[in-house]
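Chain residues, written in single-letter form:
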Amino acid sequence: MARIKRLEKHSLLSVISPSEFALLPGSPLCYWTTSKLRRHYGNLPKLHPHFAYVGTGTSHPRLFCRYHWETRSVDIGVGKKWVGYANGGPRSLGYRDIEQVCDWEDEGRRPKSEVCRRYPYLKGNYGFVIQSEDYYFQEGITFGKRSEFFSVQHLPPGSIFSNEGQSIFPKDPGNIWPFIALLNGAPVCYYLLLTAGVHKERMYVRRVPIPKLTDRARETLSSLAKQAYGIKYSVK
């Protein structure tokens with residue numbers, strides 16, 4: 001024990017009980033963090049399912065995807081052949097252009113049929129590939145999963161989302177803009193660097209700790225998120 005005590009004082013060594021790692025989901029070996037930080041993160045309620053639904057969307061066969069400039073604008077929109085397709089991308093705080101569209105005519109009849117043809121072992125269960133359909137066309141928050149540094153963007157109503165551009169739908173729609181600000185903050189980015197790899201899959205994002213927000217804090221965060229969105233939109 002005396003030797004361990006001496007080691008604890010060494011600047012190049014960390015001596016931590018294995019139980020400390022269990023304070024964070026997945027027990028990451030983040031020995032360089034402080035016990036106070038691990039406990040703080042571990043004690044807060046998690047984003048999903050307490051505050052929001054976090055899920056993946058469709059893994060659309062590329063045959064049914066286009067860039068919006070490859071189609072006619074009159075054919076884009078809910079109830080038309082093409083709809084906006086949030087498909088992830090590099091780090092972007094608050095705003096990202098939805099450049100792609102996908103074929104969703106007749107509620108995705110063609111892509112669903114293609115999924116069933118490609119994967120006969122699914123026995124018609126296209127929902128294994130085209131997921132979270134109940135949340136399509138809703139306003140929410142989207143994020144690209146292939147990014148070292150996590151960031152989220154506003155998901156406008158009228159779009160669907162993909163496995164690459166996974167999405168978050170707060171139970172209280174009034175939390176969309178406050179959560180955009182909160183989830184783009186350094187504490188969340190750092191937490192996901194500790195607990196996730198380069199792929200920020202929904203299983204990791206669901207575990208993001210969320211502090212209790214007062215009404216004043218929500219208003220402030222919402223205002224800041226909308227200002228940042230407006231600035232980024234104006235210089236896109």
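Residues numbered from 1 in each chain as written. Predicted model: local features only at pLDDT ≥ 70, side-chain atom pairs only at ≥ 80, totals over all residues. Heavy atoms only, no water.

## Some details on the packing of helix α6 (residues 176-183) against helix α9 (residues 215-234)
Turning to step 1, where the next piece is worked out: Where α6 meets α9, the closest approach of the two axes is 7 Å, and the angle between their N-to-C directions is 75°. In terms of axis orientation, α6 runs roughly perpendicular to α9. Across the interface between the two elements, Trp177, Pro178, Ile180 and Ala181 of α6 pack against Arg218, Leu221, Ser222, Ala225, Lys226 and Tyr229 of α9.
Turning to step 2, where the next piece is worked out: For the contact of α6 with α9, the residue count by class is seven nonpolar, one polar and two charged. (Axes fitted to C-alpha atoms, helices over the stretch in contact; angles between N-to-C directions. Helix = DSSP H or I, 4+ residues; strand = E, 2+ residues; numbered from the N terminus. Parallel < 35°, antiparallel > 145°, perpendicular 65-115°, else oblique. Contact = heavy atoms within 4.5 Å. Nonpolar A, V, L, I, M, F, W, Y, C, P; charged D, E, K, R; others polar.)

## With respect to the nonpolar core
As a rule of thumb, nonpolar side chains are buried together in soluble globular proteins.
Turning to step 1, where the next piece is worked out: In terms of nonpolar packing, the biggest core is built from 26 residues, with Leu47, Phe150, Ile168, Leu183 and Val208 touching the most fellow members.
Turning to step 2, where the next piece is worked out: Counting residues per element, this core draws most heavily on α6, which supplies six residues.
Turning to step 3, where the next piece is worked out: Residues within four places of Val208 in sequence aside, it is in contact with Pro45, Lys46, Leu47, Leu183, Val188, Tyr191 and Leu192.
Turning to step 4, where the next piece is worked out: By size, the runner-up hydrophobic cluster in this structure holds 15 residues, among which are Cys65, Tyr85, Val115 and Val129. (Core = buried A, V, L, I, M, F, W, Y, C linked by side-chain atoms within 4.5 Å. Buried < 20%, exposed > 50% of the residue type's maximum accessible area, 1.4 Å probe, protein only.)

That is the geometry; function is a separate question.
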